[in-house]
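# Coordinates in review
Here's the letter readout for the chains.
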Amino acid sequence: MGKDNKHLKLTVRSRTSTLDVIGFGYGEHAALINSQTELDLLGELSVNEWNGQRKPQLQIHDLRTSPPSPAFPEREQFGLLYKHLRQHKRFPIEGLTETLARTVRLTPEMIALMLDVFTELEFIRLDEEAQELVVADSPAKRDLSSSEAYRAAKRQTDTVYMSGVSS
């Protein structure tokens, strides 16, 4: 919502009611949220008046999402991480997975998989001498599913999920 999708607007539902939620400056979280996402919200309850109608609304002050299950990143999450990487261009390798996991709010395992996929697709490379991850300036456009690491992890996640469903 808003210019450059900087803001987040959603509706949360309980069994008996709904509540509009607005998060100014939380637009980057939209890629992490779907109808199955568990959210922890901290906010201020107010009344939104628009076109003569008054509705309760929660204005977000803090937001935390739980990782999706099964733990395979959504395409939007790959995009969110890659956007973050491109903004900064270079990262020290030491503690990288944990740092990125905290920054984009995904599990370290998901981040490790995503970095493997990006490396295989030559979107990023590891500079061993400088001990840095470096983002490619103009990588060839390639679909995530062209990565063997992506396909293997997807197959494994689907197998684990299906065995859980059949139990």
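Just so you know, these numbers come straight off a predicted model, no measurement behind them.

Rules used in this analysis
Residues numbered from 1 in each chain as written. Predicted model: local features only at pLDDT ≥ 70, side-chain atom pairs only at ≥ 80, totals over all residues. Heavy atoms only, no water. Pairing = 2+ DSSP bridges. Helix = DSSP H or I, 4+ residues; strand = E, 2+ residues; numbered from the N terminus. Axes fitted to C-alpha atoms, helices over the stretch in contact; angles between N-to-C directions. 1 Å grid on protein atoms, 1.4 Å probe; cavity = no way out; pocket = protein on both sides within 12 Å on 5 of 7 lines; lining within 4 Å. Points joined across faces, edges and corners; volume = space filled by probe spheres on them. Nonpolar A, V, L, I, M, F, W, Y, C, P; charged D, E, K, R; others polar. Buried < 20%, exposed > 50% of the residue type's maximum accessible area, 1.4 Å probe, protein only. Polar contact = N/O pair within 3.5 Å; in protein donor to acceptor, adjacent residues only side chain to side chain. Contact = heavy atoms within 4.5 Å.

### Re the sheet that holds strand E2 (residues 18-23)
The four strands are arranged E1-E2-E4-E3 in an open sheet whose pairing can be described as mixed. A single partner strand is all that each edge strand has here, and the edge strands are strand E1 (8-13) and strand E3 (39-50). Neighbour-to-neighbour, the strand axes of the sheet open up by a mean angle of 35 degrees, direction not taken into account. Where E1 meets E2, six bridges bridge the pair, whose relative direction is antiparallel. The partner of leucine 10 across the bridge, within E2, is valine 21.

### Here we look at the pairing of strand E7 (residues 132-135)
As paired strands, strand E5 (residues 90-92) and E7 are joined by three bridges and run antiparallel to one another. In the strand pairing of E7, phenylalanine 91 is matched with leucine 133. Where strand E6 (residues 124-127) and E7 come together, four bridges link them in antiparallel fashion. When the sheet's bridge partners are listed, aspartate 127 is paired in E7 with glutamate 132. In sequence, E6 turns back onto E7 through a hairpin of four residues, with glutamine 131 there showing a positive phi of about 55 degrees.

### Notes on the sheet that holds E7
Spatially, the three strands line up as an open sheet ordered E5-E7-E6, and their pairing is antiparallel. Where the open sheet ends on each side, the last strands, each with one partner, are E5 and E6. Across the sheet, the axes of successive neighbouring strands diverge by a mean angle of 25 degrees, strand direction being ignored.

### Some remarks on the layout of surface pockets
A water-sized probe rolled over the atoms picks out the places where empty space is left. The volume enclosed by the largest pocket comes to roughly 420 Å³. As for the largest pocket, its lining consists of 20 residues, and the residues nearest its centre are Gly27, Glu28, His29, Leu80 and Lys83. For the lining of the largest pocket, the secondary structure elements donating two or more residues are helix H1 (75-88) and helix H2 (96-104). By residue number, the principal contributor to the lining of the largest pocket is H1, which donates six residues. Of the residues belonging to the lining of the largest pocket, the class tally is five nonpolar, eight polar and seven charged.

### Structural notes on the side chain of serine 147
In this fold, serine 147 is placed in the loop between E7 and helix H4 (148-166). Serine 147 sits in the buried class, given a relative accessible area of 0%. Of note is the side chain of serine 147, whose polar atom sits 3.1 Å from the backbone nitrogen of tyrosine 150. Not counting residues up to four positions away in its chain, the partners in contact with serine 147 are Val117, Glu120 and Leu121.

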